[in-house]
Amino acid sequence: MVARTNDEYGIDKVRNSPLGKSKELDMEKHAQIGCPYVKLSLRLQQEFGLRREEAIKFNVSYADQGNHIRLKGSWTKGGKPRTLPILKESQRSLLDEIRSFTRSSLIHATDRYVDQMRRYERETNKVGLSKNHGLRHHYARQRYLELTGWQCPANGGPRRMHLVGKERDIDYNARMQISQELGHERFSITYTYLGS
């Protein structure tokens with residue numbers, strides 16, 4: 001017979017690993033991708049925490065608003081438009097690079113979204129760049145560090161239940177902002193990205 005919980009064996013609950021689902025873009029593998037549209041979409045995922053669909057449908061002429069990007073509802077999960085701040089030089093450089101490459105979406109002019117999505121999947125799988133949703137996790141964890149000044153629990157920082165007073169308020173506000181930037185607007189989803 002197997003016990004129902006780990007407590008009965010004296011095993012602690014497993015905390016999110018230091019890396020978990022978070023991942024940075026492997027630039028050596030990225031360089032092997034032949035399609036420039038796919039390469040730019042991947043970099044958008046890393047720099048802004050965009051979902052794959054958002055990064056493929058991204059149109060810099062519409063999105064770049066100087067100090068923030070805006071995403072159309074037709075690009076996003078759930079159809080909710082949103083904005084994300086442009087905070088780093090690497091983000092600005094990427095947007096300028098996309099603008100010099102194309103004024104429309106990151107889809108070949110003769111293709112539909114589904115064609116580009118399949119190309120994205122083929123190109124990324126071919127070079128071993130799968131599970132790119134992890135780029136969103138990395139973005140969320142970096143934003144948490146920027147907003148709070150300390151690592152999130154999933155990266156070895158203090159657990160939310162150990163925070164008190166002002167630290168707990170800072171944690172709450174950071175999580176809510178990150179949730180909005182990711183297009184969720186739910187506090188509970190931040191446990192998936194940042195740990196508890």
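Quick notes on the rules
Residues numbered from 1 in each chain as written. Predicted model: local features only at pLDDT ≥ 70, side-chain atom pairs only at ≥ 80, totals over all residues. Heavy atoms only, no water. Core = buried A, V, L, I, M, F, W, Y, C linked by side-chain atoms within 4.5 Å. Buried < 20%, exposed > 50% of the residue type's maximum accessible area, 1.4 Å probe, protein only. Contact = heavy atoms within 4.5 Å. Helix = DSSP H or I, 4+ residues; strand = E, 2+ residues; numbered from the N terminus. Expected span 1.5 Å × (residues − 1). Axes fitted to C-alpha atoms, helices over the stretch in contact; angles between N-to-C directions. Parallel < 35°, antiparallel > 145°, perpendicular 65-115°, else oblique. Left-handed = near helix turned anticlockwise from the far one by under 90°.

Chemist: Before we move on, can you summarise the nonpolar core with the specific residues and values?
Modeler: Counting residues in hydrophobic clusters, the biggest one holds 43 residues, and the most contacted among them are Leu 44, Phe 58 and Ile 69. Contact partners of Ile 69, with chain neighbours within four places excluded, come to Phe 48, Phe 58, Ala 63, Asp 64, Arg 82, Thr 83, Leu 84, Ile 86 and Leu 95.

Chemist: Please provide a residue-by-residue account of the side chain of Glu 181, values included.
Modeler: In this structure, Glu 181 sits in helix H8 (residues 165-181). What Glu 181 contacts, discounting residues up to four positions off in sequence, is Arg 82, Leu 84, Pro 85, Tyr 139 and Arg 143.

Chemist: Before we move on, can you summarise helix H7 (residues 134-148) with the specific residues and values?
Modeler: In this model H7 runs 21 Å from its N-terminal to its C-terminal C-alpha over 15 residues, within 8% of the 21 Å that 1.5 Å per residue would give. Counting buried positions along H7 yields 11 of 15 residues, so the element is predominantly enclosed. Listed as buried for H7 are Gly 134, Leu 135, Arg 136, His 137, His 138, Tyr 139, Ala 140, Arg 141, Arg 143, Tyr 144 and Thr 148. Once H7 ends, the next one or two residues include Gly 149, with phi positive near 95°.

Chemist: Now, about the packing of H7 against H8: what can you tell me, with residues and values included?
Modeler: The contact between H7 and H8 brings their axes to 9 Å, and the two run at 140°. Between H7 and H8, the interaxial angle falls into the category oblique. The element H7 and its partner H8 pack so that their crossing is right-handed. The residues of H8 that touch H7, namely those facing Tyr 139, Ala 140, Arg 143, Tyr 144, Leu 147 and Thr 148, are Ile 170, Asp 171, Ala 174, Arg 175, Gln 177, Ile 178 and Glu 181.

Chemist: Report on the packing of helix H2 (residues 36-48) against helix H5 (residues 89-101), specifying residues and quantitative values.
Modeler: One can describe the packing of H2 onto H5 by two numbers: an axis separation of 10 Å at closest approach and a directional angle of 155°. Of the possible angle classes, the one that applies to H2 and H5 is roughly antiparallel. Where H2 crosses over H5, the handedness of that crossing is left-handed. Counted together, Pro 36, Tyr 37, Leu 40, Arg 43, Leu 44, Glu 47 and Phe 48 of H2 and Ser 90, Gln 91, Leu 94, Leu 95, Glu 97, Ile 98 and Phe 101 of H5 form the full contact between these two elements.

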